[in-house]
Amino acid sequence: MRMSWAGTYIEFRPACSEKRMKGRQTMQSAYAAFGDKAARLYEVSSRTNRGSWDTKFAVTAFDIQASALMNQPPAKVQKAA
């Protein structure tokens, strides 16, 4: 589908909006399942054997969480969380 904006034609790709919607749903599912610990790393000290959650957003942690939750219905994830 083509749309005109200020005399310029832009190709609208439904596939892009579907991917965006799935990405948003996956992020919502991660936060529903993990709460404020979503996309955070848990580090354990070898000296004290005690752990704590990192305060920074970790892309690697989010990748793992998102890959586990991708294509899962948000209602199902929220119910299980």
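Note: the structure precedes this text.
Residues numbered from 1 in each chain as written. Predicted model: local features only at pLDDT ≥ 70, side-chain atom pairs only at ≥ 80, totals over all residues. Heavy atoms only, no water.

Asker: How should the overall build of the protein be read in this particular structure?
Answerer: Counting secondary structure elements, the protein contains 3 helices and 4 strands. Secondary structure of the protein in N-to-C order comes out as β-β-α-β-β-α-α. Counting every position in the protein, which comprises 81 residues, the buried fraction comes to 15%. Of the contacts made within the protein by residues no fewer than 6 positions apart, 37% connect residues no fewer than 24 positions apart. (Helix = DSSP H or I, 4+ residues; strand = E, 2+ residues; numbered from the N terminus. Buried < 20%, exposed > 50% of the residue type's maximum accessible area, 1.4 Å probe, protein only. Contact = heavy atoms within 4.5 Å.)

Asker: What exactly am I supposed to notice about the nonpolar core here?
Answerer: Generally speaking, soluble globular proteins have nonpolar side chains that are buried together. Formed by A30, A39, F62, A66, L69 and V77, the largest nonpolar core amounts to 6 residues. Per-element tally for this core: the top contributor is helix α2 (residues 59–69), with 3 residues. (Core = buried A, V, L, I, M, F, W, Y, C linked by side-chain atoms within 4.5 Å.)

Asker: Help me out: how do you make sense of the environment of A80 in this one?
Answerer: Counting through the fold element by element, A80 comes out in helix α3 (residues 74–80). Sequence-wise, A80 and A33 are 47 residues apart; in three dimensions their C-alpha atoms are separated by 7.8 Å.

Asker: Help me out: how do you make sense of unusual backbone geometry in this one?
Answerer: The general pattern is negative phi for most residues beyond glycine and trans for most peptide bonds. Even without being glycine, A39 reaches a positive phi, approximately 60°. The residue A39 is located in the loop between α1 (14–34) and β3 (42–44) in this model. Residue A39 is classed as buried on the basis of its relative accessible area, which comes to 0%. One non-glycine residue, N71, lies in positive phi territory at about 65°. Here N71 is to be found in the loop between α2 and α3.

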